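# Structural characterization, general
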Amino acid sequence: MDNCCTASMFLTDSLELELGTEWCKPPCFSCGFDNRGGGSHFSGESYLSSGALKRLILNLDPLPTNFEEDTVEIFGIQWVTETALVNSSRVLFHLFRQQLYNLETLLQASCDFGKISTLHCKADNIRQQCVTFLHYVKVFVFRYLKVQNAESPVPVHPYETLEAQLPSVLVDELHGLLLYIGHLSELPSISPGAFVNQNQIKLFPPSWHLLHLHLDIHWMVLEILHMLGEKLKQVVYGHQFMNLAGDNLTNISLFGEHCENLLCDLISLSLNRYDKVRPSEALASHHCRCSCIKELWVLLIHLLEHRSKWSLSESFWNWLNKLLKTLFEKSSDRRRPSVPVIQPRDPLGFSWWIVTHVASLYQFDRHGTPDEMRQMESNWNFVEELLKKSISVQDGILEEQLRMHLHCCLTLCDFWEPNIAIVTILWEYYSKNLNSSFSISWLPLKGLTYIIKSPLSMLEMVKTCCCDKQDNDLYKSSSSYTIFLCILAKVVKKAMKNNGPHPWKQIKGRIYSKFHQKRMEELTEVGLQNFFNLFLLLAAVAEVEDVASHVLDLLNFLKASLVTSSIIWKGQVAFLLMYTQKNLDIGVLAEKCSGAFREKAKEFLVSKNDEMGQRQTLWTLLSIYIDGVQEVFETSHCLYPSHEKLLNDGFSMLLRACQESELRTVLSFLQAVLARIRSMHQQLCQELQKESVDLIVQSSLSAKERHLAAVANALWRHFFSFLKSQRMSQIVPLSELADAAADFTLLAMDMPSTAPSDLQPQPVISVMQLFGWDDIIWPQVVARYLSHCLQNSMLCEALSHTGCVSFQALTVRSWIRCVLQMYINNLYVPDDLFIDINPGQAVEKEYLEQLAELTRLLFKLSEVKNIFSKAQVEYLSSPEDPTKALVLFFEAVGITYGNLQNLSDKSAMVTKSLEYLGEIGMCIVCGQSQNPNAYLNQLLGSVIEQYIGRFLPSSPHVSGLGQHPVLLALRNSAAVPLISPLKKCIVQVIRKSYLECKGSLLPPRLASILAFVLQLFKDTSIDISEVQLLLPGVLKCLMLVNEPQVKRLATENLQYMVKACQVGSEGEPATQLTSVFRHFIQDYAMRYDYQIYGILEIVAALDQQVVIDLLSTLTQSLKDSERKWGLGRNTAQREAYSKLLSHLGQVGQDEMQRLESDNT
């Protein structure tokens, strides 16, 4: 049956009259329907869904298919349908009241599970009888009541007399019925339990039936009174009652009195619910306990609005406003003391709440179907009064209350036409309180902290405020000021849509007028935040350029202490982003922002060594600009000449002043901009390649290309020069350095003409030489950089066609160096090395993983595949271990060399191998090749000499030698036997090329080479044979050089060698060491006796036995010296010798005595 009722909504009234179905079953209030699907708001039996309201408003038969028989059963008695109400009206109403009493007595019974079924059936039967009677009254009035007028004849029949009196009798009886049932709010049984289904078969207690019967009575009394007025077109006076003013009761006065009482009842019921509602949940908590109360509100709205349009009756809003105004009066001042409305604890909040919820009911049409496009009657005049009370300073409205009030106001702005007056009222309040945070002490304000983070988040806040649908959690997430901005946005948008630019000009004038120099000087940080939020919102909904220009003018009025505020930078960058989003030219804003950035970058550079507080303040401003400019480039649809202004020389100064973490931020920005420029260039190229491009479009595309080139030039100019200068330093994070260099390489490939002149004519090759093929670059940088390059197929293809025949060979060479320098000490490290690692090891692991990736990519190169093919060695298509891959590659190269027969092929292969393997890698080739020759050993020596000299640090600190490629290759040589020949060759090169004097000239860079030798011995196990080669040179340095640094390093080397020989000889005298010292004494004792004694004192402190074994040689050298000079005993020399002997204990004493007793 409900389906029939629903279908009938879409039928015309004439068709409804022709239907003979049961759709016209007498409607009633019911909230017991199944609404789990959420599709229906009201029961199918309701006055709305059944079409009863529509028929009432259209003055149609209430129930066209009911009460058509000659007799009708009412209260169990058969009555004549056409005369019963005339003949027995008072009896029928008496029976009606009796049934009401019977239902009330059922409330006294306990509603346990065993009795609920019986009670439900009894109560439902009583209610159906009562509802049927009231519907019969409606039908009788519509069909059978005769209209009496002055021209009607005087009744002569008793029935005619009764018939003429029926309207007055009905007025009296209806009034009496209302007095009998009293007010809805006075029902003692109204409780939450009365509105809840007890079980799945939906059995309700008597209290539920009584409440809903009262609702039926209240509504149908209004229906009957309305129908009386429509039928008779005249005032009907009651005979038994007078109204409260002492006047005779009429159908009109009773209708008005009952409307007022019914609205008071509904308000009272809503007040009971409001007392349990939190302000934060006000809009989510409805004022109706059940759908029947909600339906009664909707019925009243439609009926009263209909009557106000076709008569002089007041509209629904006027009725409600009058009653709500009484809530603000004291009880003694009330106009109608008998109206049973309780005094609310918060009349203002309740008024906002009830008006907002009732306004939402206007969306329901006469069938109870929601229609969002339906024109809703507004109530702005009353809301304006509420708004003035809400912002009244005298009343001390709290923020938590104001949020709820404005949230309600915002909701009403959705329902009703725009109202500029409410914006004006609110702006008067907020313009005076801009410096307030509008926070609630007990409620963390999520929204504000989010807003302040960045310019982009400020725009997100504005975007949120401009949304058509707001978050239901607005109370907790936003301040009242933010909600005001939502109201402002909604009003401006709606008003401009309806009436063009005029409303905006009105609002703009009122807002702009509040900002002058004095007001700007009064703004605090919080005030500035509110200031920018306001103007950003105005720019978003109206004239962005006009608003932005006005803001820039106003910022000139700020006091000096706020000029460098981060809020100002964020606000200005936010406007810059808004211009970008709207695809406007950012020229003016870009010039202002970039100029401020340049000044702060200069200060940042100057304050490089100043206190951290000032640096942090400056960095905060600079990072705001950097993040904002990045967002500008990433969101720009196309570039204008003004975009280049954003990349000025401030970045050059900034880069020089940045520390590691700051550099990461700037280089991340650089990579993002480079990626965006390349993406835009590729899109531009695709558009230029399209056919049938007209001249205008082509001209536009050419202009875009010029703008892109200008931006690219700025990037090369301000960023690449810095990266180039930092290739050898550890200031720039190595991974970021590699990434940025790779991005510039790709930019050089896409837009080669933009690269600086020193990289021309082949900028790609030049950049790769700087960051990928240069042997002095950190291997971590090279590995990551080359991985990026090899991953780009377009770049590899371009390099293959640029005439760079060595592209692959140079890449292989760099790979080998990376493996040797980073992996040689981990050739046989177990796989679980990094199970427990510290942060430093984690970084190293990242580098090793990067090298593994480079290895995988490199093995895909054609020349590498060719080497394996010629050597007939198993080829690894996807090698995972770089060390194994390196050994395998060396094996392939060695086998290829060994397979060659004639000398010219061998010579060519050596040259190619040197190109592939570089220089230091040749040592491994010697180990792998089965037939090493003298040429390779000679070549290896020259290579080592170049590497040692090239990578020596400028200052001779041992700590700076840790990354020297030669030392890296030699670490842990005990685990790698193949390295031993290399070490021997290195030692020979040091002795011959770095420690031997050329005539009377001492070797250059002695301090650095001594530091290198010392680190060499620390990193590797020392062989006595190596001491024999290097110790003479160290002794010469101690003897001939007076430079303190050289003497210190030479002494440390001497001490390290002596100790190492002690360990190597297992406590026995090292004869090789003694032999070196003996030859040294024999060669230089005649001229450098004092220096020799000093050196041996150092040795004696470490190992007396070495010096003891030299006593005979020393004593003989002393005597030979005395004989040579022919002057007898040399007292000074003997004293120096005696000092040395004093360090040798008893053996030394004995030697002194022998020397004294010897007369020769």
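The structure reproduced in this document is the subject of the present report. A quick note: this is a predicted structure, and the numbers were derived from the prediction, not measured.

### Describing the overall build of the protein
Along the backbone of the protein there are 50 helices and four strands. Counting across all 1160 residues of the protein, residues that qualify as buried make up 54%. Just so you have it, the protein exposes about 51,500 Å², and 51% of that area is on carbon and sulfur atoms.

### Re the nonpolar core
Trp219, Trp297, Phe316, Phe531, Phe535, Leu654 and Trp815 are the most contacted members of the largest nonpolar core, which has 304 residues in total. The leading source of residues in this core is helix H7 (residues 206-232), at 15 residues. Sequence-distant contacts of tryptophan 297, that is, excluding residues within four places in its chain, are made with Leu263, Leu266, Ile267, Ser270, His287, Cys288, Phe316, Leu320, Ile354, Val358 and Leu361. Core analysis: the second largest hydrophobic core is formed by 66 residues, Ala1007, Val1027, Leu1073 and Val1106 among them.

### Side note on the side chain of arginine 817
Topologically, arginine 817 is positioned in helix H34 (residues 807-823). On the basis of relative accessible area, arginine 817 is assigned to the buried category, the value being 3%. From its side chain, arginine 817 meets the backbone oxygen of aspartate 775 in a polar contact 3.0 Å long.

### Remarks on the environment of threonine 1074
Along the chain, the position of threonine 1074 falls in helix H46 (residues 1071-1102). Overall, the relative accessible area of 6% leaves threonine 1074 in the buried class. Once the C-alpha coordinates of threonine 1074 and leucine 1110 are considered, the two residues, 36 residues apart in sequence, prove to be 7.1 Å apart. Once residues lying within four places of it in the same chain are set aside, the contact partners of threonine 1074 are Asp1109 and Leu1110.

### Some thoughts on the packing of aromatic side chains
This structure, assessed with the given rule, holds 53 aromatic pairs. With centroids separated by 6.3 Å and ring planes inclined at 10°, the aromatic side chains of tryptophan 427 and phenylalanine 484 adopt a geometry described as stacked. Taken together, the positions of tryptophan 427 in helix H14 (residues 420-430) and phenylalanine 484 in helix H18 (residues 480-499) put the pair 57 residues apart, joining distant regions of the chain. Assessed through its relative accessible area of 2%, tryptophan 427 is described here as buried. Assessed through its relative accessible area of 0%, phenylalanine 484 is described here as buried.

### What about unusual backbone geometry?
Cis peptide bonds are those with omega within 30 degrees of zero, and the linkage from glutamine 760 to proline 761 qualifies with 10°. Phi at phenylalanine 67 takes a positive value of approximately 55°, unusual for a residue other than glycine. Within the fold, phenylalanine 67 resides in the loop between helix H3 (52-57) and strand S1 (71-74). Among the residues examined, phenylalanine 67 registers a relative accessible area of 13% and is labelled buried. Even without being a glycine, arginine 1005 presents a positive backbone phi close to 55°. Here arginine 1005 falls in the partly exposed class, since its relative accessible area comes to 43%.

### Comments concerning the packing of helix H8 (residues 251-274) against helix H11 (residues 347-360)
The geometry of H8 relative to H11 is characterised by a closest axis approach of 11 Å and an angle of 110° between their N-to-C directions. Classed by the angle they form, the pair H8 and H11 counts as roughly perpendicular. Every pair of crossing elements has a handedness; the one defined by H8 and H11 is right-handed. For the pair H8 and H11, the contacting residues are Ile267, Ser270, Leu271, Arg273 and Tyr274 in the first and Gly349, Phe350, Trp353 and Ile354 in the second.

### Re the layout of surface pockets
Estimates place the volume of the largest pocket at around 1,400 Å³. Taken together, 35 residues line the largest pocket, and the ones lying closest to its centre are Met376, Thr411, Asp414, Phe415 and Lys469. Broken down by secondary-structure element, the contributors of at least two residues to the lining of the largest pocket are H11, helix H13 (399-415) and H18. Residues that form the lining of the largest pocket fall into these classes: eleven nonpolar, twelve polar and twelve charged. Split by domain, the lining of the largest pocket shows at least three residues from each of two domains, domain 2 (276-332 + 342-416) and domain 3 (417-549).

### Things to note about the environment of methionine 496
As for its placement among the helices and strands, methionine 496 is situated in helix H18. Judged by its relative accessible area of 26%, methionine 496 is partly exposed. It is 9.4 Å that separates the C-alpha atoms of methionine 496 and valine 541, two residues lying 45 residues apart in sequence. Setting aside chain neighbours within four positions, we find methionine 496 in contact with Trp504 and Val541.

### Observations regarding the pattern of salt bridges
As enumerated under the stated definition, the model contains 38 salt bridges in all. In this structure, glutamate 314 engages lysine 322 in a salt bridge whose closest nitrogen and oxygen atoms are separated by 2.7 Å. We classify lysine 322 as partly exposed; its relative accessible area is 31%. A salt bridge links glutamate 660 to arginine 664, with the shortest nitrogen-to-oxygen separation between them at 2.7 Å. Taken together, the positions of glutamate 660 and arginine 664, both in helix H28 (residues 660-688) and four residues apart, correspond to about one turn of that helix. Among the residues examined, glutamate 660 registers a relative accessible area of 42% and is labelled partly exposed.

### Topic: the pairing of strand S2 (residues 77-80)
Pairing between S1 and S2: four bridges, direction antiparallel. Considered in S2, the bridge of threonine 71 is made with valine 80. Counted between consecutive antiparallel strands, the loop separating S1 from S2 contains two residues, among which phenylalanine 75 sits at a positive phi close to 55°.

### Considering the environment of arginine 1129
Within the secondary structure, arginine 1129 is located in the loop between helix H48 (1111-1125) and helix H49 (1131-1141). By relative accessible area, arginine 1129 is classed as partly exposed at 39%. When the C-alpha positions of arginine 1129 and lysine 1119 are compared, they lie 8.4 Å apart, and in sequence the two are ten residues distant. At a separation of 3.2 Å, a polar atom in the side chain of arginine 1129 contacts the main-chain carbonyl oxygen of glutamate 1156.

### Observations regarding a negative patch on the surface
Side chains of Glu68, Glu69, Asp70 and Glu82 sit close together on the surface and give a patch of like negative charge. Tracing the chain through its elements places glutamate 69 in the loop between H3 and S1.

### Side note on helix H44 (residues 1024-1040)
Its 17 residues give H44 an end-to-end C-alpha distance of 24 Å, which sits within 8% of 24 Å, the value for a rise of 1.5 Å per residue. Maximum bend of H44: about 40°, positioned at leucine 1030, with proline proline 1032 one to four residues after it. Those residues of H44 that fall on the buried side of the exposure criterion are Ile1024, Glu1026, Val1027, Leu1030, Leu1031, Gly1033, Val1034, Leu1035, Cys1037, Leu1038 and Met1039.

### Some thoughts on a nonpolar patch on the surface
A cluster of nonpolar residues, Val235, Tyr237 and Ile252, forms a patch on the protein surface that exposes about 280 Å² of accessible area. Following the sequence through the fold, isoleucine 252 ends up in helix H8.

### Some words on the packing of helix H6 (residues 158-181) against H7
Contact geometry of H6 with H7 gives a least axis separation of 11 Å together with a crossing angle of 160°. The angle between the axes of H6 and H7 places the two elements in the roughly antiparallel class. Taken as a pair, H6 and H7 cross one another with a handedness that is left-handed. Between H6 and H7, the residues in contact are Pro167, Leu170, Val171, Leu174, Leu177, Leu178 and Ile181 and His214, Ile217, His218, Val221, Ile224, Leu225, Leu228 and Leu232, respectively. Class assignment for the residues of the contact of H6 with H7 results in 13 nonpolar, two polar and no charged.

Criteria and thresholds
Residues numbered from 1 in each chain as written. Predicted model: local features only at pLDDT ≥ 70, side-chain atom pairs only at ≥ 80, totals over all residues. Heavy atoms only, no water. Helix = DSSP H or I, 4+ residues; strand = E, 2+ residues; numbered from the N terminus. Buried < 20%, exposed > 50% of the residue type's maximum accessible area, 1.4 Å probe, protein only. Areas by Shrake-Rupley, 256 points an atom, 1.4 Å probe, with all protein chains shown as cover. Core = buried A, V, L, I, M, F, W, Y, C linked by side-chain atoms within 4.5 Å. Contact = heavy atoms within 4.5 Å. Polar contact = N/O pair within 3.5 Å; in protein donor to acceptor, adjacent residues only side chain to side chain. Phe/Tyr/Trp six-rings, centres within 6.5 Å; stacked < 30°, edge-to-face > 60°. Axes fitted to C-alpha atoms, helices over the stretch in contact; angles between N-to-C directions. Parallel < 35°, antiparallel > 145°, perpendicular 65-115°, else oblique. Left-handed = near helix turned anticlockwise from the far one by under 90°. 1 Å grid on protein atoms, 1.4 Å probe; cavity = no way out; pocket = protein on both sides within 12 Å on 5 of 7 lines; lining within 4 Å. Points joined across faces, edges and corners; volume = space filled by probe spheres on them. Nonpolar A, V, L, I, M, F, W, Y, C, P; charged D, E, K, R; others polar. Domains from an automatic or database assignment. Salt bridge = Lys/Arg side-chain N within 4 Å of Asp/Glu carboxyl O. Pairing = 2+ DSSP bridges. Patch = residues over 30% accessible without salt bridge, like charges linked within 9 Å, V, L, I, M, F, W, Y side chains within 5 Å. Lys, Arg positive; Asp, Glu negative; His and termini not counted. Charge placed at Lys NZ, Arg CZ, Asp CG, Glu CD. Expected span 1.5 Å × (residues − 1). Bend = angle between axes of the 7 residues up to and from the residue.

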